[in-house]
Amino acid sequence: MTFETLSAQRCHGGVQSFHRHQSAETGTPMRFAVFTPPGAGPHPVVWFLAGLTCTEENFTVKAGAQKAAAELGLMLIAPDTSPRGEGVADDPAYDMGQGAGFYVDATQAPWAPHFRMRGYIERELPAVIAANLPADMNRQGIMGHSMGGHGALTIALRNPGRFLAVSAFAPIVSPLNCPWGEKALTGYLGDDRGAWRDYDACALIDDGARVPDLLVDQGLADNFLESQLKPELLEVACARAGVPLTLRRQSGYDHSYWFIQSFIDDHLRWHAARLG
């Protein structure tokens, strides 16, 4: 399967499209969504990594990001959150398996053959985008929500200089210190917690990884705030390392896309200012 456009619709003067290609990393077909703003390009790119249970459609349909992206001239790329299909390992729970790739390269059975979302997002999909779309890969930003916020933070921290802007909505800031992370990283990577540090934003910062600055929005009515998200851990890690962090605690907002929709324009303006 080569690069395939599944659909394309006019939107705010640009084009919202959905694509599919055969991934060498995951060994499966992978889907992703792209909003291309008006104009010939090449356009600066902002990646959005979604959270548990999501596909490429959740952000694209629910966040309402296209209007601001069109005005700011930003290309938005929303990948799926895991490999899928016949022969791909899964789990009955929502927080493991298909829809819950955690942006790691799994090393443990039965996940290792297909669950290579780190390599897919860091290496393979950028090459697909560069070869097929009017993207300026010298001007990239990355953001995400929940599990995808964890993905955005860790990918940016592991790839210094690649992403000129980084932000997150309600990210899992320390999988080493929450039930979601402990379950997923044990399953995908095994019991050696030292191997987990590459997938923990706070640990990466403690180990010397840096980004220029961070924007994080966190709803205070989020059911997962205290047990899973723990933004105070990121606050401490950034303060200790001297990483500028804008952490906005938003009263009354929960974990849903209503929360994301309320602040997405702020995040896109943050990215646009840093992407030029």
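Relevant structure appears above.
A quick note: this is a predicted structure, and the numbers were derived from the prediction, not measured.

Now, about the side chain of His255: what can you tell me, with residues and values included?
With respect to the secondary-structure elements, His255 resides in the loop between strand S9 (245–250) and helix H9 (257–275). Here Asp222 takes part through its side chain, which lies 2.5 Å from a polar atom of the side chain of His255. Beyond its immediate chain neighbours, meaning those up to four positions away, His255 contacts His145, Ser146, Ala170, Asp222, Phe224 and Leu229.

Explain the nonpolar core residue by residue, including any values.
In terms of nonpolar packing, the biggest core is built from 91 residues, with Phe32, Phe59, Phe102, Ile142, Tyr188 and Leu268 touching the most fellow members. The element contributing the most residues to this core is H9, with eight residues. Setting aside residues no more than four positions away along its own chain, Ile142 makes contact with Trp47, Leu49, Ala152, Ile155, Ala156, Phe163, Ala165, Val166, Ser167 and His271.

I'd like to hear about the environment of Glu226, residue by residue, with values.
Examined against the element boundaries, Glu226 turns out to sit in helix H7 (residues 225–229). Of the residues examined, Glu226 reaches a relative accessible area of 73% and is grouped as exposed. For the pair formed by Glu226 and Cys178, sequence separation is 48 residues and the distance between their alpha carbons is 9.4 Å.

Run through the environment of Val216, naming residues and quoting values.
As for its placement among the helices and strands, Val216 is situated in strand S8 (residues 214–219). C-alpha of Val216 to C-alpha of Leu52: the two residues are 164 residues apart in sequence and 18 Å apart in space. Residue contacts for Val216: discarding those within four places in its chain leaves Ala168, Pro171, Leu234, Leu245, Thr246, Leu247 and Arg248.

I'd like a description of the packing of aromatic side chains, backed by residues and values.
In this structure the tally under the stated criterion is ten aromatic pairs. Judged by centre distance (6.2 Å) and plane angle (45 degrees), the ring pair of Tyr253 and Phe259 falls under tilted. Using a relative accessible area of 1% as the deciding quantity, one classes Phe259 as buried. Plain terms: the ring middles of Tyr253 and Phe263 are 4.9 Å apart, the flat faces sit at 70 degrees to each other, and that makes the pair edge-to-face. Note that Tyr253 is positioned in the loop between S9 and H9 and Phe263 in helix H9, a separation of ten residues in sequence. An aromatic cluster is built from Phe169, Tyr253, Phe259 and Phe263, whose rings are joined through pairwise contacts. Sitting above the plane of the Trp270 ring, Arg274 keeps its charged end 3.5 Å from the centroid.

Cut-offs used in this document
- Residues numbered from 1 in each chain as written.
- Predicted model: local features only at pLDDT ≥ 70, side-chain atom pairs only at ≥ 80, totals over all residues.
- Heavy atoms only, no water.
- Helix = DSSP H or I, 4+ residues; strand = E, 2+ residues; numbered from the N terminus.
- Polar contact = N/O pair within 3.5 Å; in protein donor to acceptor, adjacent residues only side chain to side chain.
- Contact = heavy atoms within 4.5 Å.
- Core = buried A, V, L, I, M, F, W, Y, C linked by side-chain atoms within 4.5 Å.
- Buried < 20%, exposed > 50% of the residue type's maximum accessible area, 1.4 Å probe, protein only.
- Phe/Tyr/Trp six-rings, centres within 6.5 Å; stacked < 30°, edge-to-face > 60°.
- Lys NZ or Arg CZ within 6 Å of the ring centre and 35° of its normal.

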